[in-house]
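The primary structure of each chain is shown beneath.
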Amino acid sequence: MVTEHVQPNVTSQTALNQQLGLQKESYNTMGMTRGLSLSSQSRSASEEEESSSVWKNVKSIATLLMDEPPPEPTTGPIVDGVDFKLGKLQFGLAYDFQSLTLSLRIIRATQLPAKDVTGTSDPYVKIVLLPDKKHKLLTKVKKRNLNPHWNECFLFEGWPHNKLLEKTLYLQVIDYDRFSRDDPIGETYVPLNEIDLSQSPLFWKYLQPCKDSRGKLGELLLSLCYQPNIGRLSVIVMKAKELKAKDITGTSDPYVKIWLSFGQNRVEKKKTTIKKRTLNPVFNESFIFDIPWEKLREASLEVTCMDFDKVGRNELIGKVILGGRSGPMETRHWNDMVSKPRQQVAQWHLLKD
């Protein structure tokens, strides 16, 4: 995900602030995050330069961070949905018919359940415009907080109103965990064809139990450590769990294969040993890759979990791609590795097909 720091047009920013109920002086900083778009006619020169990236048909979604939380309501909020004791989420929507811009403001959550052994959680919100599941947006993680305030605004630019009516806004609150997989806390859906966006509605929604298919293919625990002074990346394939069975016996013979690539070019491959008849293998095998600091930006690791077969071809169970330009959770792991040189950074990853 590409990040730029830009100053928006004063007139359009003022109109947006009025729709969201924000005061201009409440903004001290602003970040611009690339997001979904249906319009390419108003691209700037800098946006044209990025047309060759993975966000080729993607325009910008701005993230505006407010320093001050909104005032506490004097009366209890009216909350939609059923209370599953998973907490509730407050957010607002607005639509600018002239600029074809949908504004989503993630405000806060309250009464979230504790997911960590410390009796708290580290929540963040994942945002998707269904049915498109490929492009996901994330708020910041709020450490050790069961009543987090985010106050982040995402702008979906270039979306005609009739196209938005075909979409459903999906919001999922997740507990971030550095050393194990992130735990889903709850989710909510908002079909946009049921909302009068011209009224800039503000919502309180009870979070529902998550219904997604996390872990369908299994999960893989990897540890990364980069030493910039000698340009060396060590990868520890620690273990996997709940792998999908590939044999008629209801099990698999898994091993892990790692390809190092620079750009589109594969340059080196490593493999673990094969673990017989198990869906929860423990590997604890370490591999070394030489990656000079100046080439780290274009480097990526394709980590593939395979099922070994004596007869026939080995079958793919699932894979994950680690790098600075991969998925949100994979990029987070990679960036943690870069920001903590000479330290082992472990994280669970969901395998994908």
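Residues numbered from 1 in each chain as written. Predicted model: local features only at pLDDT ≥ 70, side-chain atom pairs only at ≥ 80, totals over all residues. Heavy atoms only, no water.

1. Observations concerning the overall build of the chain
Quick note on the threshold: For helices the rule is a DSSP run of H or I covering at least 4 residues; for strands it is a run of E covering at least 2, with both sets numbered from the N terminus onward. In this scheme, a residue with accessible area under 20% of its type's maximum is buried, one over 50% is exposed, and one in between is partly exposed, where area comes from a 1.4 Å probe on protein chains only. Contacts were defined at the residue level, with two residues in contact if any of their heavy atoms lie within 4.5 Å. Surface accessibility in these figures is a Shrake-Rupley result with a 1.4 Å probe; residues are shielded only by whichever protein chains are displayed.
Within the chain, the regular secondary structure consists of 4 helices and 19 strands. Of all 353 residues assigned to the chain, the portion counted as buried reaches 47%. Contacts in the chain between residues at least 24 apart in sequence constitute 67% of all its contacts with a sequence separation of at least 6. Total accessible area on the chain is roughly 18,100 Å²; 50% of this is exposed by carbon and sulfur atoms.

2. Topic: helix α4 (residues 328-339)
As a reminder of what qualifies: A helix's residues, less one, multiplied by 1.5 Å, set its expected span.
For α4, built from 12 residues, the straight-helix expectation of 16 Å at 1.5 Å per residue is met to within 8% by its first-to-last C-alpha distance of 16 Å. Among the residues of α4, Glu 330, Thr 331, Arg 332, His 333, Trp 334, Asp 336 and Met 337 are the ones counted as buried.

3. Side note on the confidence of the model for the chain
Under the convention used in this document: Every residue gets a pLDDT, meaning the predictor's confidence in that residue, from 0 to 100.
The pLDDT averaged across the chain works out to 80; a share of 76% of its residues lies at or above 70. Contacts for the low-pLDDT stretch residues 1-70, under 50 throughout, to residues beyond four places or in other chains number 133 contacts.

4. A few points about the sheet that holds strand β19 (residues 345-350)
As a reminder, the rule being used: For two strands to be treated as a pair, DSSP must find at least two bridges joining them. Here the axes come from fitting lines to C-alpha atoms, over the contacting stretch only for helices, and the angles between their N-to-C directions go from 0 to 180 degrees.
On the basis of which strands lie adjacent, the open sheet formed by 4 strands has the order β16-β13-β12-β19 and antiparallel pairing. At either end of the open sheet lies a strand with only one pairing partner, and these are β16 (282-290) and β19. The sheet shows a mean angle of 25 degrees between the axes of neighbouring strands, taken without regard to direction. Here strand β12 (residues 219-227) runs beside β19; their pairing, made up of 6 bridges, is antiparallel.

5. Looking at the pattern of salt bridges
Spelled out, the test is: Whenever a carboxyl oxygen of Asp or Glu lies within 4 Å of a side-chain nitrogen of Lys or Arg, that contact is scored as a salt bridge.
Across all of its chains, the model carries 5 salt bridges by this definition. Between Asp 83 and Lys 85 there is a salt bridge whose closest N-O contact spans 3.4 Å. The exposed category is assigned to Lys 85, whose relative accessible area is 64%. Here Arg 266 ties to Glu 302 by a salt bridge, and the two come within 3.1 Å at their closest N and O atoms. Here Glu 302 lies in strand β17 (residues 299-307) and Arg 266 lies in strand β15 (residues 265-271), a separation of 36 residues in the sequence.

6. Structural notes on the side chain of Asp 122
So the rule is basically this: Two residue types count as positive, namely Lys and Arg, and two as negative, namely Asp and Glu; His and chain ends fall outside the count.
Among the structural elements, Asp 122 can be located in the loop between β5 (101-110) and β6 (123-130). Although Asp 122 is buried, it forms no salt bridge, and the closest oppositely charged side chain is Lys 143 at an N-O distance of 4.4 Å. Not counting the four nearest positions on each side in its chain, Asp 122 is found in contact with Asp 116, Val 141, Lys 142, Lys 143, Arg 144, Ile 174, Asp 175 and Tyr 176.

7. Some words on unusual backbone geometry
Of note, the amide linkage connecting Leu 130 to Pro 131 takes the cis form, showing an omega dihedral of 10 degrees. As for its placement among the helices and strands, Pro 131 is situated in the loop between β6 and β7 (137-138). Within the chain, Leu 100 stands out as a residue other than glycine whose phi angle is a positive 55 degrees. Checked against the element boundaries, Leu 100 lands in the loop between β4 (88-96) and β5.

8. A short note on the sheet that holds β7
Taken in spatial order, the 4 strands of this open sheet run β7-β6-β9-β10, and their pairing is antiparallel. Both outer strands of the open sheet, β7 and β10 (183-191), are each paired with one neighbouring strand and no more. Bridge analysis of β6 against β7 gives 2 bridges, and the strand direction is antiparallel. The residue of β7 that forms the bridge with Ile 127 is Leu 137.

9. Some details on the packing of aromatic side chains
Defined as follows: Centres within 6.5 Å are what make two rings of Phe, Tyr or Trp a pair, Trp counting through its six-membered ring; a difference in plane orientation under 30 degrees is then read as stacked, over 60 as edge-to-face, and the rest as tilted. Charge over a ring is defined by NZ of Lys or CZ of Arg lying within 6 Å of the ring centre and within 35 degrees of the ring normal.
Applying the stated criterion to the full structure yields 4 aromatic pairs. Measuring from centroid to centroid gives 5.0 Å for Phe 91 and Phe 203, while their planes differ by 20 degrees, and the two rings are stacked. Here the residue Phe 91 occupies a position in strand β4, and Phe 203 occupies one in strand β11 (residues 202-206), the gap between them amounting to 112 residues. Its relative accessible area of 8% is what places Phe 203 among the buried residues. Measuring from centroid to centroid gives 4.9 Å for Tyr 170 and Tyr 189, while their planes differ by 45 degrees, and the two rings are tilted. Highlighted residues: Tyr 170 in strand β9 (residues 168-175) and Tyr 189 in strand β10, separated in sequence by 19 residues. One cation-aromatic arrangement involves Lys 88 over Trp 204; the distance from NZ or CZ to the ring centre is 5.9 Å. Sitting above the plane of the Trp 348 ring, Lys 241 keeps its charged end 4.4 Å from the centroid.

10. Focus: the pairing of β12
When a strand is regular, its side chains alternate between the sheet's two faces. Of all the 9 residues making up β12, 8 are buried; the element is thus mostly covered by neighbouring parts of the structure. As paired strands, β12 and strand β13 (residues 232-241) are joined by 9 bridges and run antiparallel to one another. Bridged to Leu 221 within β13 is Lys 239. Where β12 folds back onto β13 in an antiparallel hairpin, the turn is made up of 4 residues, including Gly 231, whose phi is positive at roughly 65 degrees.

11. Remarks on the side chain of Gln 172
What counts, and what does not: Polar contacts, as counted here, are pairs of nitrogen or oxygen atoms within 3.5 Å of one another; within protein the pair requires one atom able to donate a hydrogen and one able to accept it, and residues that are adjacent in sequence qualify only if both atoms are side-chain atoms.
Considering the arrangement of structural elements, one finds Gln 172 in strand β9. There is a polar contact of 3.4 Å between the side chain of Gln 172 and the side chain of Tyr 170.

12. With respect to the pairing of β17
Among the 9 residues in β17, 9 count as buried, and that is most of the element. Taking every second residue as pointing to the same face, both faces of β17 are buried, with Ala 299, Leu 301, Val 303, Cys 305 and Asp 307 on one and Ser 300, Glu 302, Thr 304 and Met 306 on the other. In terms of strand pairing, β17 meets strand β18 (residues 315-323) through 8 bridges, oriented antiparallel. Note on β18: the bridge partner recorded for Thr 304 is Lys 319.

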